[in-house]
Each structure stands twice: as C-alpha cells, then as structure tokens.
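Chains, contacts and geometry: an overview
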Amino acid sequence: MSVVTGVTGEERDDLNRAESTQVRRRSQVLLGSLLSPLKRRIVLTFAVVVVSTAAQVAGPALIALGIDRGVPALIAGDAMPVALTTIAYIVLGIGGALLIGWYTLLQAKISQAVLFDLRRRVFRQTQRLSLEFHESYTSGRIISRQTSDLDSIRELLDSGVSNLVSGVLYMLGTAIALVVIDPMSGAILAGALVPLWFLTRWFQTRSQIRFRRTRVASARVIVKFVETMTGIRAVKAFRTEPANDRVFAKDVEEHRDSNARVIRLFGIYDPGLVLIGNVTVAIVLLVGGYRVVDGGIQIGVLLAALLYSRRFFDPMEEMAMFYNSYQSAAAALEKISGVLEEEPTVPDPAHPVELRAARGALRFDEVTFGYSAGRVILPSFDLDIPAGQVIALVGSTGAGKTTLAKLISRFYDPTIGTVTLDGIDLRSLHPKDLRRAIVMVTQESYLFSGSVAENIALGKPDATREQIVSAARAVGAHEFIELLPNGYDTDVNKRGGRVSAGQRQLISFARAFLADPAVLILDEATASLDIPSERAVQEALQTLLSDRTAIIIAHRLSTVAIADRVLVMEHGRIVEDGTPADLIGGTGRFASLHAAWRDSLV
Amino acid sequence: MPADRRPNTVSALWRLLPYARPALPRLILGMVVGIAAGLVALAIPQVLEYLVDTVLADRNAAGILPAALLILGLGVFEAAAILVRRTLVLTPNTHIEARMRNALFEHLQRLPVAFHDRWPSGQLLSRAISDLSAIRRWLAFGLMLLVVNTVTIVVGAILLITTSPLLGVVYLVMSVPIWFVGAKFERTYTLVARRSQDQTGDLATAVEESVHGIRVLKAFGRGGHALKKFERQAEELRGTELEKASAVAFVWRWLILIPDVTFAVCLALGVVLAAQGSLTAGALVAFFATATVLRFPVESIGFLLSFTLDTRTATDRYFEVMDEPNTITDPQSPRTLDQPQGLLEFRDVHFRYPDAPDRFADLVNGVDLRIEPGETMALVGLTGSGKSTITALVTRLYDIDSGAITLDGVDIRDLRLDELRSRVAMAFEDATLFSATVRENVLLGRPDAGEEALAEALRIAQAQFVHDLPDGLDTVIGEEGLSLSGGQRQRLALARAVAARPSVLVLDDPLSALDVETEELVESALRHVLASTTALIVAHRPSTVMLADRVAVLEDGRITAVGRHSELLATNDHYRFVISSLDEERKTAAASGSDSDAAADDAAVIDAEEVRA
C-alpha cells in the first residue's frame, strides 16, 4: 500500500512523481464521478455556448453588411436591406441574450449539483468513518475540507466553462483560418506551441506543489480558528489570547505566503503567455515581411495572417485563469478524495444480518483488543452476559472499562475474537438494528444546536411531543426543562452553553430512555449530576432496566445496588466477577473499593 | 443577523480603506500600469496595420526588421507591464487579507463569552475564511476592472458623441434602461447574496457539530438523520445559489439585449443619415468600431456588479462582527494588587443572561459571600442553580449586572483582565484541551513555569498517566483530547489550574469523573495547595465538599447558608436534600453490604467528618 492512500501524507507537498500521479488520478476519478450524472446537461450547456458565441460573432458581420449594402441601397431608394439587417440584428440580439441567460442558469445548476453532491459525500463519509479516524483527524480539518476546499472547487466551476469552450473554439477556428490563408505563418504559430507547452508544463508542476501547500496552510488556519472559538472560555481564563494571536498570525502568514507564491507563479505564467504571443506576431511580421518583398505573398494575406496570429492568443489569458483555478481545485480535490478514500476500520457489513427484536444477550468470545499492533488494551478474555442482566463495571481509571463498552457499542472491533448480540457477530449485524438494540450514554453529553425537544428526539426521530416529555419526566429532566425560557422549544445554544453539565446529562439520559434499546451502556453517565438528580435517575433506571441488558460504568458505587452482577477490571482484565453481595462480603478488590466509597459518603 | 440600516454599496465598501491603505500606493500604481498594458494591447493591431500599409506597401526590405523590432518591443512592453502590475498588486492584496483575518481573530478572542454564546462558530469561520478571500479577490481583480471599465465607458461615450452627436445621444438614451436593470439587480442580488453567505455559515456550523458530536450520532446510529438534516440545509443553499444565478441571468440578458437593440437602431438610423449625406460612411464605421469596443465593458457590468455586491455583503458580514463592542475590557485607570492575599468577596451580586425572559428572576439574585484568604469554600446547589455561572463571574467571563465582586478589596472590574485572570485560575466542568503537547496544555496559564512546577501540578492532579503516553509530556493530544478518557482530561484541566499558581482557584466540579481511589489521592494532594490558596469549589458530592473549610448553599440565586459541612447537615434541610446521600445511599450501602458499618448512625458519621476536617 502506498503512503499517500487516504489522508496519510496529507500534510506533505513534496510528493514524488508516482505519488503525485496516484493522488491526481484519484481526484480525477472523483471529478469524473461527480460530473458523469450531469453528462447530458453539460453537453447541452456546451451547445448553448457554441450557438450563443456564433450569434455574437455574427453581429459585427451584420453591421458591416448593413453599412456596405444598406447605404447604397437606401440612396437608390431601397430600404429593404437596412430593414432586414436591422431586424436580423435585433433577432440575433434577443436570441443571444436569451441563450446567455439560459447558459448562466445551466452553468449554475451544474456547479451547484456538483457542490451539493460533494458536500453530501464528504458528510456521509465523515459519519461512516470510525471513531479511530476522528480521534486523529481533527474536526478542524474536516471543516476545512467542507469549507475552504469546496470554495476552491466552486471557483473552478463558476470560473466559466464557457470561457474554456468558446476559447478553445475560437483558437481552433483562428488556427485553421491562419493555416488556410498562409501555411507558413501557420507553421510559425505551431512553432510557438513548443515554448507554450514548456511554460505550461513548468506552471503545472510548480503550481501543483504550491497549491497543495495552500490547502495545507488553509486547513491549519481553520483548525486553529475553530479550536480557539470552541475553547474560548479556557482561552480567556488562562489569558492565552496573545499567544494565540501569535500562533494564528503565523498560520495566517504561512497561508498568505503560500497563496502569494502561487499567485506570483501565475503572475509569471500569464505575462509569459502574452510574451510568447507577441513574439510570435513579431516573427510572423518579420518572416512575412521578407516574403512580401520577395513577392511570395500579398500584403493583404500578411495583414490577415498577422491579425489571426494575434487573435489566436487573445483568449489565452482567460484559459490560463481557468487552468489556474483548475490547479487550485485539483489540490482541493486531492485532499477531499483522500478523505473519501479512507476505509472505516469498523466497516458496515457487506451482507447484514437483520435482528428485528433483540433480546440483549451479549457474548465476548476470545476477544483481544489493542489500538495498534503493539499496545494490547484488553488481553484475551471470554464474557457471557445473559439477556436482561444488569452489570456494574468497576475499576480504576484506565482499567479498560470504557474500551469494553466501546466494543459492545461497536465503536471499535476486537482485534481478535468476536462480540455477539443474541448470537450474531456485531460485525455482521445490520447497522440499523445494531444501533437500535445497543445505545451508549457517555459522560460528555453533546447537544446539537436546535431545541431541547429536538435533542431528546435524537433518540427516536419520529417521537411525538408526549413521548419526549414522558422520557424527560422519567429521568427527572422535565422540571428544569419547563423552567427554561421556552420550555422544550428552548434553543440550546452553541455546545449547550446555557445548559449546565448536569442538565446536559439529564437530556442525554432522556435521549437514551426514548431510544428504548435492548442493551443500554452507561459510561459515567451520572458523573455531573447532583445527588437528587442522580437519585431520580437511579429510580428511573430501576424501571428502565427491568427488562433489558445494561452495562453501567460508574465510580459512584450506588449503582451497584441495581446491578445483578459486578465485574471488576484491572489492567484490561476482569479480575472479579460475582453478585454484589458476594463481592462485598469477600476480601477482594471490590470489597475494598466499596469500603472506600462508603467512606466517601457523608 | 440582518442589518437594519443598509448604507449604499460604496460606503459599505469604503470601510475596507483603513486595511487597504498601506497597500494603496502600489494598488494605484498597479492600476496605472495595468491601464498602460491595456492600451498597448489595443494599440498593437493598429500599429501592425499601419506598419503593413506604410513599410511593406513599397516593398522596402530594410524597413522590415525595424518594424518587427518595434512590434517585438511593444509586445515585450505589454508582457512586462502585466508582470509589473501583477507583482505590484497581488502581494499587497494578500497582506490586506491577512491583516483583516488577524484583526478578526484578535477581536473575536477578546469579545465576551456572551457573544460566543450567541454566534455559532461556523458563522465566524465563514467570515474569517470565505468572506475575506472574496474581498481579496475583489480588490485584486474586481476593483481594477471596475475602474478600467468605467474609464473606458466614459471615454467611449465621449468619443461616440464627438463622432456623431445624434447617434451618440441616441446610443446613450437607449442605454438608460441599463441603470434601472442594474438598480433592480442590486436590490434583489444583495438580499440573496447575504442569504447565501449566511447559509454557508450555517452549513459550516452543521459540519462542525456533526464532527464534534460524532460519538452521540454514532451511539444512536443517527448519522443518516444528521445527513438528512445537512442535505436539507445544503439543498436550501443550492436553492439560494440558483436564485443568485437567475438574478445574474436576468441582468446578463438585459445587458446583452439593450446594447444589441441600441446597435440595431443606431445601424438603421446611421444608414439613413449616411444615405441623406449628413454622415460620412467613414464616420459611421468609426462610430460602430468605438461602440464595439464598449461592448465588453458594458456586458461586464453584470459580472462586476455581482462580484462587487458579493464583496459588499462579505464586508458587511465582516464588520458586523468587528463592530461588536467589547463590553468586558480593561478599566480606564486600573488598580493593581501589590500584595495579593486572595480575599474574595461577593456583595449583592446580580446576574442574568441577556436573553433570559423578563418573567424570570435573576439567575444570580443578590449573592453575598466572603471567602477569606486561604480559605476553601464549597459551593453547593441543585443542578442548574447557577453555580457554574458564579464561577464564570469571578474571572469576568461574564460581567455582573449589579453589586460587586472584589479581590482583596478591589473591585475586579478595576483590575486589568490580565492581572485578574492571572490571580484567579479555573478548571471547567468540561475540560477543554487544545491540540498541543501535554506540557503546553498544562502550562497554559504559565508557559514559563519550569519542569518542577509541571511535575508538581501533574502529581497533585494524579495525572502521571501522561508519562505512559507515546511521547510522554510531548505527546500532542487532540483538540478535544479525544483519545483521553473523561477522567484523564479532567485531571489535566485540574493540573492546568494548579500549575497557574493563582491566589484564587475556582474549580467547577473538578473531580466528577474520577474514581473513588483516584479522587482520594487527588484530594489529599490538593489539600496542600488549598491550605495556602483561596478556593471556590463547585461540589456535587460529599467527597468533594470534604476539601472545603466551609460550604455555601446556593438556592434561588442566593447564598442561603454558609457554614461547616457538619453544621449545615444538622441545620439546613435544603443542604441535606442536595448533598446528602444518607437517605438513599446509606440504605443501598446497607442493603448491599451486610457488615456492621451500615448500622452507624448519622451522628457518628458527622463526628468522623469533623475529625477529618
């Protein structure tokens, strides 16, 4: 496997030739797949461009016709030619105007369809990728893929395919006309293509590297920006504003510099093209001049050849700009296609097994788990959790409790062995059924912007208001929600700024309650609750857990009261396993933990 | 956040001037050079025609080389002028963009938290990135073309009138509708452009949330749900963009149609005039030649107008944030604490969030509390009673509405923010970590602290686990500390507050995610720090309260009781309700344990606690 697969090597701009080709190919494939559903519309757009260009070209000819024929005819008393050309001109004008308007819409539709498709693909991919990916690929980078990278693709799409099409047509037509009129000048023009090719090649290789650098630099700016705004309280409390100013200014300067470099490159490329064009004209003049003196060609032919060779280069600047934005977009596509190429480490099954109504029996079969090859977190173990059992998972921080929970909720897959639900390997279980059957509530309760009700309804999107309220009531969240400015319709602003951590946890609980899963995992889900709330939640759990499997990780051992069975973990191993009463009565780890906890109570 | 007053586009864009000023000489020079390059480009065909007609007409071989050299010279001049123009204009423009971006960032960092509560960061991001790069591009190309084209149109119009007054006037009169079309376009387009940019910001926010909330989405299998919502938003944006396109299509149509009809009329009229003999055929040709040159500048009005309006909207959006006043600033004449003791006092403090409805009482409704130097005060109250809010008031993350908070007798609003926040260090309930090394994260409040202070802080917070990370103290942890557990993050946040060596420590439920044993270790280590440091600790658990010398009970926005844990437990019903696990947990402990401890009565526990304190 190459080192530039997926997002690896994303920060590098010094890709070697093979890598560069590989990355280019994958972004071209992506571009192709984005454009192919729009094939017919693209062809139509091209056709509209060609016709409207023709209409525009015909204009001056009509004026010439009007003047040359119309004036003498009118003097002779015949108004017909003038009237005809005038009408033709108006018709042409209207036609051209309508076509241009149509073209504008077509172009926008294509461009927006591509952007929409791309946004959706990246979003879906972000959701599809495993937690492992997100733990190393910071959110800021995803955001920069979705914002500034998309901006540069948008620029390409809007920069006028029309310019490209009409430019190519124009150049082609001019070149043919030139060859027909004067093959010799045509040959000179062909000769000019050689330095043109080298110049373009130079621009291409250089700008590729530099555009890559701008993408990396811009992502860095975005990462810093997002992180600072998200953590603004900590920033202020620890007075890191000046330090952040400096780091951000450095990132911005790097971005500016990389941008300036790429712009400067174009600043050489563009006048370079002009220079080649102008030199070509001078050579045509020089060679043609001597040929005129020799009597080889007529002056008229030379004049026409000169004008044609000059015109040949006219659309060059626009096409260069198009090429420039193409390079920029290609660099962005490289990054995006890298993200899209990533394969989730926890993939959806190819042949999902359905499980409509799960009972909730869990089994670990010779499971070993480690994040990377060398570091084993959970050494090989077996565990059988019958349906309906409530398990308290106990142990000091870092003992592997959360990892165990993440294996059950399939945030990770075991390195070796299988985890099964009702006898079905989680890896082959239909994701929908898996998520319906197993729900995990964690200590960090993220709230999405939107109302409290919407946040609770995340557990069951089609829930009625009554169901939402009764879920909130069940976990004791109803009272405080009612006291919010707009009750259930209160907007939980930006990362729940206005709702306290405890309240957020209650909302998460309500969410889980509403989801009504067969297996419920609570990972320190009551840590931020005050004691009365915790008590209410405990009571709710008594009923909630009566007919389902539960794994409860809590440092407050009060949970143990509602557990049927306690598992004590240490260094990734289950060291004790038994009923609460047995373990408390014993002399093991749990007995001492329990004693310590009881001491911590009032 | 729609602007209620809409100044015209020119004055809106004029606000860019202060940022552009340093680059102005180069921009103007660049424009001049650009115009020169344009003129040469226009002249070359004329010169060619002239040369061919004069030099070559008499087949003079000696004249060919100079003629070719002249053309070559002009051509090189044109290319050089373009090179110079680009060099002059483009680099300064990137500086303008960078300057504006830095200014925005600096301003945003200093705006109060209340502002950030209101503004989703996606909206801020879209301003910092997309809007500013649009402004740069406009300054580089749009403005230039606008000036050049306007000049061309004015000069061209004068030429037309001198060539043929009648035709010229007809041409100009018939072009008048362009103004109306342009004005209508400006009205519709500005609104749509604004909407599109706002929706782009919303989309960025949605992306951000979908990544930050990925665990929840995965845990509930709601990725598809989020995708649908996102698609709806993206679809809305697409709709807006297409509306924009149809506005552009509208103006394009007229910008093509009006000149064409004008041409046709002028053609008919011109032919009639020529036939009558009141206009020469040459003048007629010249008239159309000039009018043809004007075609591109006139057509480009549409593109330039939309470009300019996009930029105007971007500028509006930028200044919307830049104009936001910073309400929490350094005082005019700051006082300093020469000998900080750490006496923290709240006097009749009132605070409510700005968007709280009137019918609600103040969230902090007359808090009086005095924390003596070196004293540790626990703050206890129900979830949502305003404990966290009070902690945020001490460092002026929010400013109080009335009353006063004083540090060593000095109103905190009379201290420089920098001084206040170096005296008071906080650990938040959500432990925010930045993507930086462990070392940098812990020493955030005191980057110059030595290794010893760092080790000490890590020891107190029981965060020695960092030594097991791949690169130890130099391991870069994610922005959200993603691969660390909640307890580990909390301990780093605690270490950070301790490492800042403040005179006042404000800890918001700092041990909630720790297991009982670790909590005990942290507490015993923390006691040494707290012995000499004033501390305000939000507590949900009796175990955390144990750290405190006294406890303040927060109820209905007021401190209703202050006292020792044991006193309060004996005398205060609300306190007992909030903090005491006696009723339930004792029972469960008794139920699950069967040994004699369960029989211990309340009094015995209180005694034990007093001994410990």
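Residues numbered from 1 in each chain as written. Chains lettered and ligands numbered in written order. Predicted model: local features only at pLDDT ≥ 70, side-chain atom pairs only at ≥ 80, totals over all residues. Heavy atoms only, no water.

All right, on to the packing of helix H6 (residues 121-163) of chain B against helix H11 (residues 281-322) of chain B then. All names here are of chain B. Between H6 and H11, the least distance of the axes is 6 Å, while the angle of their chain directions is 155°. The angle between the axes of H6 and H11 places the two elements in the roughly antiparallel class. Classified by chirality, the crossing of H11 by H6 is left-handed. (Axes fitted to C-alpha atoms, helices over the stretch in contact; angles between N-to-C directions. Helix = DSSP H or I, 4+ residues; strand = E, 2+ residues; numbered from the N terminus. Parallel < 35°, antiparallel > 145°, perpendicular 65-115°, else oblique. Left-handed = near helix turned anticlockwise from the far one by under 90°.)

This chain's UniProt record puts "domain: ABC transmembrane type-1" (unreviewed entry) on residues 28-310 of chain B. The straight-line gap between the two end C-alpha atoms of residues 28-310 of chain B is 23 Å; of that span, 93% is helix and 0% is strand. (UniProt positions renumbered as here; feature names shortened; annotations may be inferred.)

Here we take up a nonpolar patch on the surface. Residue and element names in this part refer to chain B. A surface patch of nonpolar side chains, about 300 Å² in accessible area, is lined by Ile 161, Val 169, Leu 172 and Val 173. At three residues, helix H7 (residues 165-175) tops the list of elements feeding residues into the nonpolar patch. Turning to its location among the elements, Ile 161 is positioned in helix H6. (Patch = residues over 30% accessible without salt bridge, like charges linked within 9 Å, V, L, I, M, F, W, Y side chains within 5 Å. Areas by Shrake-Rupley, 256 points an atom, 1.4 Å probe, with all protein chains shown as cover. Salt bridge = Lys/Arg side-chain N within 4 Å of Asp/Glu carboxyl O.)

Ranked by size, the top nonpolar core spans 167 residues in total, and within it Ile 438 and Ile 456 of chain A carry the most contacts. Here the element with the most residues in this core is helix H4 (residues 61-110) of chain B; it accounts for 13 residues. Not counting chain neighbours up to four residues away, the residues in contact with Ile 438 of chain A comprise Leu 362, Ile 408, Ser 409, Leu 421, Leu 426, Pro 517, Val 519 and Ile 521 of chain A together with Ala 219 of chain B. In terms of nonpolar packing, the next biggest core, distinct from the first, is built from 81 residues, Val 364, Ile 400, Leu 444 and Ile 477 of chain B among them. (Core = buried A, V, L, I, M, F, W, Y, C linked by side-chain atoms within 4.5 Å. Buried < 20%, exposed > 50% of the residue type's maximum accessible area, 1.4 Å probe, protein only. Contact = heavy atoms within 4.5 Å.)

Not every positive phi belongs to a glycine, and Glu 524 of chain A is a case in point at roughly 55°. Structurally, Glu 524 of chain A can be placed in the loop between strand E7 (519-523) and helix H18 (531-544). Classification of Glu 524 of chain A as buried rests on a relative accessible area of 7%. Within the chain, Arg 396 of chain B stands out as a residue other than glycine whose phi angle is a positive 60°.

What follows covers the pattern of salt bridges. Tallied over the full model, the rule gives 64 salt bridges over all chains. Salt-bridge contacts for Arg 120 of chain A lead to Asp 117 of chain A; the nearest nitrogen and oxygen are separated by 3.6 Å. Here Asp 117 of chain A and Arg 120 of chain A lie together in helix H3 (residues 80-128), a separation of three residues that amounts to about one turn. In this structure, the salt-bridge partner of Arg 370 of chain B is Glu 345 of chain B, at a minimum N-O distance of 3.5 Å. Of the two residues, Arg 370 of chain B is situated in strand E2 (residues 364-371) and Glu 345 of chain B in strand E1 (residues 344-351); the sequence distance between them amounts to 25 residues. Note on Arg 370 of chain B: relative accessible area 38%, which makes it partly exposed. Ionic contacts of the salt-bridge type, sharing partners, join the residues Arg 127, Asp 131, Arg 194, Asp 198, Arg 317 and Glu 320 of chain B into one network.

This part is about a positive patch on the surface. Taken together, the side chains of Lys 432 of chain A together with Lys 228, Lys 229 and Arg 232 of chain B present a region of like positive charge at the surface. Turning to its location among the elements, Lys 229 of chain B is positioned in helix H10 (residues 223-276). (Lys, Arg positive; Asp, Glu negative; His and termini not counted. Charge placed at Lys NZ, Arg CZ, Asp CG, Glu CD.)

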